[in-house]
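What follows is each chain in one-letter form.
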2 protein chains.
Amino acid sequence: MEAVKALAEDPVDVTVVDRRNHHLFQPLLYQVATASLNPSEIAAPIRRILRRQHNAEVILGNVVGVDRRARKVVLVDGEVDYDHLILATGVTHSYFGHEEWAPHAPGLKTISDALEMRRKIFLAFEAAEREAHEEHRNAWMTFVIVGAGPTGVELAGALAEITRHTLRSDFRHIDPRAARVILVEGAPRVLPAMKPRLSAKAKAQLQRLGVQVRVDAQVTCIDETGVSIGDEHIFTHNVLWAAGVAASPLAKSLDVPLDKAGRVLVNPDLTIPGDDRVYVIGDLASLQQNGKPVPGVAPAAMQQGRHAAENIELALSGKEREPFHYLDKGTLATIGRASGVADIRGLQLSGAVAWLCWLGVHIWFLIGFRNRFVVMLEWARSYLTYEKQARLIIEEVNDLMGEPVGDEQAERPESAA
Amino acid sequence: MEAVKALAEDPVDVTVVDRRNHHLFQPLLYQVATASLNPSEIAAPIRRILRRQHNAEVILGNVVGVDRRARKVVLVDGEVDYDHLILATGVTHSYFGHEEWAPHAPGLKTISDALEMRRKIFLAFEAAEREAHEEHRNAWMTFVIVGAGPTGVELAGALAEITRHTLRSDFRHIDPRAARVILVEGAPRVLPAMKPRLSAKAKAQLQRLGVQVRVDAQVTCIDETGVSIGDEHIFTHNVLWAAGVAASPLAKSLDVPLDKAGRVLVNPDLTIPGDDRVYVIGDLASLQQNGKPVPGVAPAAMQQGRHAAENIELALSGKEREPFHYLDKGTLATIGRASGVADIRGLQLSGAVAWLCWLGVHIWFLIGFRNRFVVMLEWARSYLTYEKQARLIIEEVNDLMGEPVGDEQAERPESAA
């Protein structure tokens, strides 16, 4: 989107191809998963964003490959010619080669993912309420989040708040406050990309919310009964995946060298080796800078988008393309209400101050997403009341307990209607 | 919900069983389908509504029958005993015995239905934008709504506005204003339950919005190519169903006489013949009053809910149950912005006045749905800007044109990326 907008005044025709009709503000996806926000509050139709950019058109279509020789993008049901191509198809979640874990541990990359995660979370409490057998009930009331990057930490914090506050008075047979929220991380500390001091702060804040933090913990198995960490098995029906990522398979069709995670090793000017008409940006690009990889975060992707557009402009006017330089403006994570950690150009903050930074930055970047005001309203209300607006399970249920437990017939205390 | 709340102060245990976790304000469902509102703005978790009513508990479960002899409600995965039962499982859409029409003409009874209808509406424009063949493009840009009751009329009005205003500048190859919206009704006039004068007013207002109104029109076939009315075939991929209803199949398990539509013929006190412990209310109940049927509308259902609760109270204190009397407070329908028709105890209104009545009544009844303020905000914004907040198609697309057209390969104008 940044690249498209940067080309608005140029004498070029821009075609945006996406298999979804909306542009998503991914950093707030966990708030859709935990029922704080509605999908439309963090996503906007691409068509609407670009309605006034008359040199741009939008195609809803599924790209299956790039034919560099013919300079065509190949869709399931058509193709689009290009003179210059910017590929920004990002990453999806990966289960470290254990694809069999996927059905038991949903990840969080799209709105569908978020709604599925929401369904799973709130159905778990419904199942627990109806489950008479203590061991089974505990399995419903145990939540394991794999991966303690920003997404994992934010999910764990939001889940702890839901169990401690939001659902507090809603059930008659269970006490949601008894739910366990366990955050599992393979590295020696949470938020491993941040400074150790902030990791320690984040851990303390999570523990204060009641989250059990398990670092240096390797997941060895995930199935319908739970998750294994080394030799220990945690019985749970609620495993949420916030760990590995894998590059979009479109990278392969470029036929250039990829890194271990399948990302494209781009030139410093963001083109690919041997083809200066193709740019790869965002999470799909692998680029070293000052001996460190450019991180797969939204600000880096946005900067790259603008840079790729500038390089196309330079190339069109016969000038030399310029190398990309990432400007790290800081890292932020929120941990429940009024707490969080922030590293802003070396300035390390935690607690309420970090949370306020997070709030400001995220409201600022929702500019363009027209729901900034509604989101602020929802956050204010949610802060004051602990209420979550979007606790809907859209589908009807059939056999609630049957789904993952399988063999147990539901028993429940007698009651009169 | 009205019955449950009316029993709040009584020495009884109330169990609410529902296969969805939310209570839905159905009159605004068409606004979810046409992307004006988010699901959570017209639905609230049943559990949250009843969190402070300590004599009530909520079970998320799918009821498959009633065993009156054993006084049990039978669930897919369990059962619930009762002393008194209130059955209010309503109606679903019916295709007049043509179940083969269902996949081509989605109806509008649940949030899932509304999201599916929304997806269908907005994908149609995406497909039209990519379709080079004029005849096929026209089929994507023709919308046929079957049934001109309040839902059909409101859907047609909202759709006309979307095509004329909301999407106006969003496309490059099609002009959404060229879309046809056709409202088909078997009876001789739209809104057949209202007075003829108001039907005429409603028709004129629809036509002013650009809706083609076809009355006395019998649908004889619906398939993937379109809809047949008598001998005429309208080519369209967008048929929306707002016509017949059929009673919930649970009525059958009561083993009492049903009417033609499968609804339970209840006693004047809302109990069923031969069993004074079972009440049937809402759309599922069939009851004559002063020679006219009590209509299947929300106010009648709410009045019956309160009445059934009162009759249970009377029965518990050994008194005689009382017959139900429906108080008709009026009928309203809105037709796009600032127009509509209303019949309030004989007072017939149309145009902006009727629309303001509609607005007031609907905002009033969203009390209890905590999003009244957000809804007002959205309506105000939408009124001023013609914008629709919730134009998201959540799923990614694969083969856009392939879905209903099937055999056509997508062709589109060339463009440069």
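Owing to the predicted nature of the structure, the values given are computational and were not obtained by experimental measurement. (Residues numbered from 1 in each chain as written. Chains lettered and ligands numbered in written order. Predicted model: local features only at pLDDT ≥ 70, side-chain atom pairs only at ≥ 80, totals over all residues. Heavy atoms only, no water.)

1. Thoughts on the overall build of chain A
Per the secondary structure count, chain A includes 13 helices and 26 strands. For chain A, the proportion of contacts with a sequence separation of at least 24, taken over those separated by at least 6, is 64%. Working note: accessible area of chain A is about 17,600 Å², and carbon and sulfur atoms make up 52% of it. (Helix = DSSP H or I, 4+ residues; strand = E, 2+ residues; numbered from the N terminus. Contact = heavy atoms within 4.5 Å. Areas by Shrake-Rupley, 256 points an atom, 1.4 Å probe, with all protein chains shown as cover.)

2. Regarding helix H8 (residues 196–208) of chain A
Residue and element names in this part refer to chain A. With 13 residues, H8 extends 18 Å between its outermost C-alpha atoms, agreeing within 8% with the 18 Å of an ideal straight helix rising 1.5 Å per residue. Listed in full, the buried residues belonging to H8 are Leu198, Ser199, Ala202, Gln205 and Leu206. Taken end-on, H8 shows its buried residues confined to a sector of 130°, consistent with a single buried face. Residues of H8 that are exposed and point over 90 degrees away from its buried face: Pro196 and Arg208. Buried positions along H8 lie against helix H7 (150–166), strand S11 (180–184), strand S12 (211–214), strand S25 (340–344) and strand S26 (347–350). In the segment just after H8, glycine 210 is the residue with positive phi, at about 100°. (Expected span 1.5 Å × (residues − 1). Buried < 20%, exposed > 50% of the residue type's maximum accessible area, 1.4 Å probe, protein only. Arc of directions from axis to C-beta.)

3. Some thoughts on the sheet that holds strand S20 (residues 275–280) of chain A
All names here are of chain A. Sheet architecture is open: 3 strands sit in the order S8-S20-S19, paired in mixed fashion. Since the sheet does not close on itself, it has two edges, and those belong to strand S8 (85–87) and strand S19 (271–272), each with one partner. As judged from the 2 bridges shared by S19 and S20, these two strands associate in the antiparallel manner. Paired with isoleucine 272 across the bridge in S20 is aspartate 275. (Pairing = 2+ DSSP bridges.)

4. A few points about the packing of aromatic side chains
Where two aromatic rings form a pair, the distance of their centres and the angle of their planes describe that pair. Residue and element names in this part refer to chain B. Per the counting criterion, the structure on display carries 10 aromatic pairs over all chains. Seen in terms of ring centroids, phenylalanine 125 and phenylalanine 171 are 6.2 Å apart; in terms of plane orientation they differ by 35°. Their pairing is tilted. Pair noted here: phenylalanine 125 is in helix H4 (residues 111–130) and phenylalanine 171 is in the loop between helix H6 (150–166) and strand S11 (180–184), with a separation of 46 residues, a long-range link. Looking at phenylalanine 125, the relative accessible area reads 0%, which means it is buried. Residue phenylalanine 171 is classed as buried on the basis of its relative accessible area, which comes to 7%. (Phe/Tyr/Trp six-rings, centres within 6.5 Å; stacked < 30°, edge-to-face > 60°.)

5. Overview of the environment of B:Ala105
Considering the arrangement of structural elements, one finds B:Ala105 in the loop between strand S9 (91–93) and H4. If near-sequence neighbours (up to four positions away) are discounted, B:Ala105 is found in contact with B:Tyr95, B:Ile222, B:Val239 and B:Trp241.

6. Things to note about the environment of A:Pro273
All names here are of chain A. Tracing the backbone shows proline 273 in the loop between S19 and S20. What makes proline 273 partly exposed here is its relative accessible area of 31%. C-alpha of proline 273 to C-alpha of aspartate 255: the two residues are 18 residues apart in sequence and 10.0 Å apart in space. With near-sequence residues (within four places) excluded, proline 273 lies in contact with Val256, Leu265 and Asn267.

7. A closer look at the sheet that holds strand S6 (residues 72–75) of chain A
Residues and elements named next belong to chain A. Reading across from one edge, S5-S6-S7 is the order of the 3 strands in this open sheet, with antiparallel pairing throughout. The sheet is open, and its two edges are formed by strand S5 (63–67) and strand S7 (78–81), each paired on a single side. In this sheet, neighbouring strand axes are inclined to one another by 20° on average, regardless of whether the strands run parallel or antiparallel. In the sheet, S6 pairs with S7 via 4 bridges, with the strands oriented antiparallel. Of the residues in S7, the one forming a bridge with valine 74 is glutamate 79. (Axes fitted to C-alpha atoms, helices over the stretch in contact; angles between N-to-C directions.)

8. Details of the confidence of the model for chain A
Residue and element names in this part refer to chain A. Predicted confidence across chain A gives a mean pLDDT of 88, with 89% of residues reaching 70 or more. Across residues 402–417, where pLDDT falls below 50, the model places 44 contacts with residues more than four positions away in sequence or in other chains. With pTM at 0.86, the complex prediction returns an ipTM value of 0.82. (pLDDT = per-residue confidence, 0-100.)

9. Overview of a nonpolar patch on the surface
Residues and elements named next belong to chain A. The grouping of Val361, Trp364 and Phe365 at the surface amounts to a nonpolar patch, some 310 Å² of accessible area in total. Turning to its location among the elements, valine 361 is positioned in helix H11 (residues 352–365). For valine 361, a relative accessible area of 33% corresponds to the partly exposed category. (Patch = residues over 30% accessible without salt bridge, like charges linked within 9 Å, V, L, I, M, F, W, Y side chains within 5 Å. Salt bridge = Lys/Arg side-chain N within 4 Å of Asp/Glu carboxyl O.)

10. Observations regarding the environment of A:Ala251
Residue and element names in this part refer to chain A. Tracing the backbone through its elements, the reader meets alanine 251 in helix H9 (residues 250–253). Among the residues examined, alanine 251 registers a relative accessible area of 0% and is labelled buried. Distance in space between the C-alpha atoms of alanine 251 and isoleucine 312 is 20 Å, their sequence separation being 61 residues. Excluding its chain neighbours within four sequence positions, the residues that come into contact with alanine 251 are Leu258, Gly262, Val264 and Leu284.

11. Some thoughts on the pattern of salt bridges
All names here are of chain B. One pass over the structure, following the stated rule, counts 28 salt bridges over all chains. The salt bridge partner of arginine 306 is glutamate 2, with a shortest N-O separation of 2.8 Å. Pair noted here: arginine 306 is in helix H8 (residues 298–316) and glutamate 2 is in helix H1 (residues 2–6), with a separation of 304 residues, a long-range link. Across the pair glutamate 116 and arginine 119 runs a salt bridge whose closest N-O atoms are separated by 3.2 Å. A residue pair is termed a helical-turn pair when its members lie 3 or 4 positions apart in one helix, as glutamate 116 and arginine 119 do in helix H4 at 3 residues. Judged by its relative accessible area of 32%, glutamate 116 falls in the partly exposed class.

12. Some details on the side chain of A:Asn311
Residue and element names in this part refer to chain A. Structurally, asparagine 311 can be placed in helix H10 (residues 298–316). There is a polar contact of 3.0 Å between the side chain of asparagine 311 and the backbone oxygen of aspartate 269. For asparagine 311, the contacting residues outside a window of four places in its chain are Asp269, Tyr279, Arg321 and Glu322. (Polar contact = N/O pair within 3.5 Å; in protein donor to acceptor, adjacent residues only side chain to side chain.)

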